[in-house]
Amino acid sequence: MTTAPSTSADEATQPPTPARQRSGWSTLRPLILRLHFYAGVVVAPFLLVAALTGLLYAASFQAEKIVYDHELTVPVGDRELPVSEQVAAARKAHPEGTVSAIRPSPEAGATTRVMLSGVADVDPNHTLAVFVDPYTGEVRGALEQYGSSGALPLRTWIDEFHRDLHLGETGRLYSEFAASWLWVIAGGGLVLWFSRRRALRKIRGTSGRRRTLGLHGGIGAWAAVGFVFLSATGLTWSTYTGANIADLRASLGQETPAVSAAAGGEHAEHGTAGGTGGTGGDAAHGVGLDRVLAAARAERLDNPVEIVPPADAASAYVVKQIQRSWPEKQDAVAVDPATGQVTDVVRWADYPVLAKLSRWGIDLHTGSLFGLPNQIALMLLAASLVLLILWGYRMWWQRGRGSSFGRPIPRGAWQQVPPYILVPLLAAIAVLGYFVPLLGIPLAAFLAVDIVLGEIAHRRGRKNGGGGGTGEVGGTGGAEGGEPAGAVRTP
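Residues numbered from 1 in each chain as written. Predicted model: local features only at pLDDT ≥ 70, side-chain atom pairs only at ≥ 80, totals over all residues. Heavy atoms only, no water.

(A) Quick peek at the overall build of the protein. Scanning the protein from N- to C-terminus turns up 13 helices and 10 strands. When burial is assessed residue by residue, the protein has 50% of its 491 residues classed as buried. Pairs at least 24 residues apart make up 66% of the contacts formed inside the protein by residues separated by at least 6 positions. A total accessible area of about 23100 Å² is found for the protein, and carbon and sulfur atoms account for 63% of it. (Helix = DSSP H or I, 4+ residues; strand = E, 2+ residues; numbered from the N terminus. Buried < 20%, exposed > 50% of the residue type's maximum accessible area, 1.4 Å probe, protein only. Contact = heavy atoms within 4.5 Å. Areas by Shrake-Rupley, 256 points an atom, 1.4 Å probe, with all protein chains shown as cover.)

(B) A look at the side chain of Ser-238. Residue position: Ser-238 is located in the loop between helix H7 (208-235) and helix H8 (240-251). Polar side-chain contacts of Ser-238 include one of 3.5 Å to the side chain of Glu-176. Within the local environment of Ser-238, its side chain forms a polar contact with the backbone oxygen of Leu-235, the two atoms lying 2.8 Å apart. Excluding residues that lie within four positions of it along the chain, Ser-238 makes contacts with Arg-172, Glu-176 and Ala-243. (Polar contact = N/O pair within 3.5 Å; in protein donor to acceptor, adjacent residues only side chain to side chain.)

(C) Representation of the side chain of Arg-209 in the model. Mapped onto the fold, Arg-209 is located in helix H7. For Arg-209, a relative accessible area of 13% puts it in the buried group. Looking at Arg-209, its side chain comes within polar contact range of the main-chain oxygen of Met-395, at 3.4 Å.

(D) The nonpolar core, seen in detail. If you look at the biggest cluster of nonpolar residues, it comprises 29 residues, and the most contacted ones within it are Val-43, Leu-47, Trp-181, Ile-185, Phe-227 and Leu-385. Those elements that provide at least two residues to this core are helix H2 (24-67), helix H6 (172-195), H7, helix H11 (371-399) and helix H13 (437-463). It is H6 that contributes the most residues to this core, 8 residues altogether. Leaving out residues up to four positions away in the same chain, Leu-385 has contacts with Leu-47, Ala-51, Leu-182 and Phe-227. Counting residues in hydrophobic clusters, the runner-up holds 25 residues, among them Leu-116, Val-132, Leu-289 and Val-305. (Core = buried A, V, L, I, M, F, W, Y, C linked by side-chain atoms within 4.5 Å.)

(E) Summary view of helix H4 (residues 83-93). Regarding H4, the residues found buried are Val-83, Gln-86, Val-87, Ala-90 and Arg-91. Seen from one end, H4 has its buried residues packed into an arc of 135°, which puts them on one side. Against the buried residues of H4 lie strand E1 (98-103), strand E2 (112-117), strand E3 (127-132), strand E4 (139-145) and helix H9 (289-298). (Arc of directions from axis to C-beta.)

(F) Here's a closer look at the pairing of strand E9 (residues 332-335). Side-chain alternation along E9 places Ala-332 and Ala-334 on one buried face and Val-333 and Val-335 on a second face that is also buried. Here strand E8 (residues 317-321) pairs with E9 via 4 bridges, running antiparallel. Of the residues in E9, the one forming a bridge with Lys-320 is Ala-332. With 4 bridges connecting them, E9 and strand E10 (residues 342-346) associate as antiparallel partners. In the sheet register, Val-335 faces E10, and the bridge partner there is Val-342. Once E9 ends, the chain turns through 6 residues before running back antiparallel as E10, passing Gly-340 with a positive phi of about 75°. (Pairing = 2+ DSSP bridges.)

(G) Structural view of the packing of aromatic side chains. By the definition in use, this model includes 12 aromatic pairs. Between the aromatic rings of Trp-326 and Trp-360, the centroid separation amounts to 5.8 Å while the plane-to-plane angle is 45°, which identifies the pairing as tilted. Of this pair, Trp-326 sits in the loop between E8 and E9 while Trp-360 sits in helix H10 (residues 353-366); the two residues are 34 residues apart in sequence, bridging distant segments of the chain. On the numbers, 4.8 Å between centres and 55° between planes, the contact of Trp-348 with Tyr-351 is tilted. A relative accessible area of 11% means that Trp-348 is categorised as buried. Look at Tyr-351 and you get buried, because its relative accessible area is 11%. An aromatic cluster is present here, built from Phe-37, Tyr-38, Tyr-393, Trp-396 and Phe-446 joined pairwise through their rings. Positioned over the ring face of Phe-61 is Arg-155, at 4.4 Å from the centre of the ring. Above the ring of Trp-348, the side-chain terminus of Lys-356 is found at 5.7 Å from the ring centroid. (Phe/Tyr/Trp six-rings, centres within 6.5 Å; stacked < 30°, edge-to-face > 60°. Lys NZ or Arg CZ within 6 Å of the ring centre and 35° of its normal.)

(H) Layout of a nonpolar patch on the surface. Together, Val-449, Val-452, Leu-453 and Ile-456 line one region of the surface with nonpolar side chains, adding up to about 330 Å² of accessible area. Position of Leu-453 among the secondary structure elements: in helix H13. Here Leu-453 falls in the partly exposed class, since its relative accessible area comes to 44%. (Patch = residues over 30% accessible without salt bridge, like charges linked within 9 Å, V, L, I, M, F, W, Y side chains within 5 Å. Salt bridge = Lys/Arg side-chain N within 4 Å of Asp/Glu carboxyl O.)

(I) Representation of the pattern of salt bridges in the model. Taken as a whole and judged by the stated rule, the model has 12 salt bridges. For Lys-320, the salt bridge identified is with Glu-306, shortest N-O distance 3.8 Å. Here Lys-320 is found in strand E8, whereas its partner Glu-306 is found in strand E7 (residues 305-308), with 14 residues between them in sequence. Among the ionic pairs, Asp-363 bridges to Arg-359, the shortest N-O distance being 2.9 Å. Taken together, the residues span about one helical turn, with Asp-363 and Arg-359 both in helix H10 at a distance of 4 residues. Comparing Asp-363 with Arg-359, the two get one shared label, buried. Among the charged side chains, a salt-bridge network with shared partners connects Arg-103, Glu-306 and Lys-320.

(J) How the structure looks around the packing of helix H5 (residues 153-164) against H6. The N-to-C vectors of H5 and H6 enclose an angle of 65°; their axes lie 6 Å apart at closest approach. With respect to H6, the element H5 is oriented roughly perpendicular. On H6, the residues that touch Phe-161, His-162, Arg-163 and Asp-164 of H5 are Arg-172, Tyr-174 and Ser-175. Here the contact of H5 with H6 is built from residues that sort into 2 nonpolar, 2 polar and 3 charged. (Axes fitted to C-alpha atoms, helices over the stretch in contact; angles between N-to-C directions. Parallel < 35°, antiparallel > 145°, perpendicular 65-115°, else oblique. Nonpolar A, V, L, I, M, F, W, Y, C, P; charged D, E, K, R; others polar.)

See below:
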């Protein structure tokens, strides 16, 4: 929901209502209207970029399967080779770097991935994935890979564009800013839409600005819950709000547990599940990969799994399930390289509630949880957001009668809110702004600039003998949503 005030010419021409005691809602509506309008105007360009890149990312899962079909799939054979032989084939073709993880073929006809870290010309935060035919040991190719979802170059490029515009940590501020405000704009628009009289919500038979408003509000009302979800889940791994959420989870004992990579150790909270590579530059340590995988299978860790070699002589192998689709598979075990015995186990069923919700939320946000239907739903949400932004700007244009952008929503709405509502509201906004800084800081800056500009305009009006002036300050530009004409006038 974005950019445009939830009003129409029909509402603006309604005769003034008799003076009466105004309800709490009638004083809040102009304030929400003004916030929705200005937040939409300022944040919409950021949301537009996030929506378009998010749409591309949702489509990239299926595109990846097509583009990298040769590396990802092989003809089904009669018998798979031991994992150790597959890794040896990968190392023969690519002796550079260190084996950081192995993902055995998860299903018939799928290749095994051997991930190498410390490879020249590969981003230090990425790995080189070597694709091996599990039936013949043939190396099918090697591609740079990123993240726990195993994103290959196409999806990685789109993912980074969506997340930070390829600008690094500074660029991440754009996506956090968009996510911080999306739920505010969507929630405000939803409230404004349902507060309108039913007759004014109709689209059929209308034209001009009222029709645009109907489309904007109608589509927005259906999509608002999805926007709030995307906003909330996107913030969970943002720079500043994400850190606050992590601190809150830690204080509540709701961190994601991780299996201990120390041989014989108990699992830790939010720790590192395994090292970054074997000590000898390959994955062969102690009892070897095949016995380690067999020990994990005995603990009911079925496919897909990832094997992480010991980081050093005092560490264990870590085998963890990596299925992010429903039902989630996130069990993990540590296996002593000297004995092949399981030394620690973490079950998905034992995850704290917030850890599970965070995992589900992120996987639903990225399109992994329900596969193709999930990805289609995300593409529809992204397309809806693009349309809402375009309709919002069109309404703003139509508010100026199609020749220029229309008048902003008049100032002074907050002055009409009773103290018993305004004070708790300001307190709640202050707390929220502290935990979501890219909501709180821009909002404070907007209020400061708005107050200064309003005071300047007010003094000019007094100097010119024009009272409160016209247009944005106080204004005679018409009441919004049937409010009395003087309800939003700045004294």
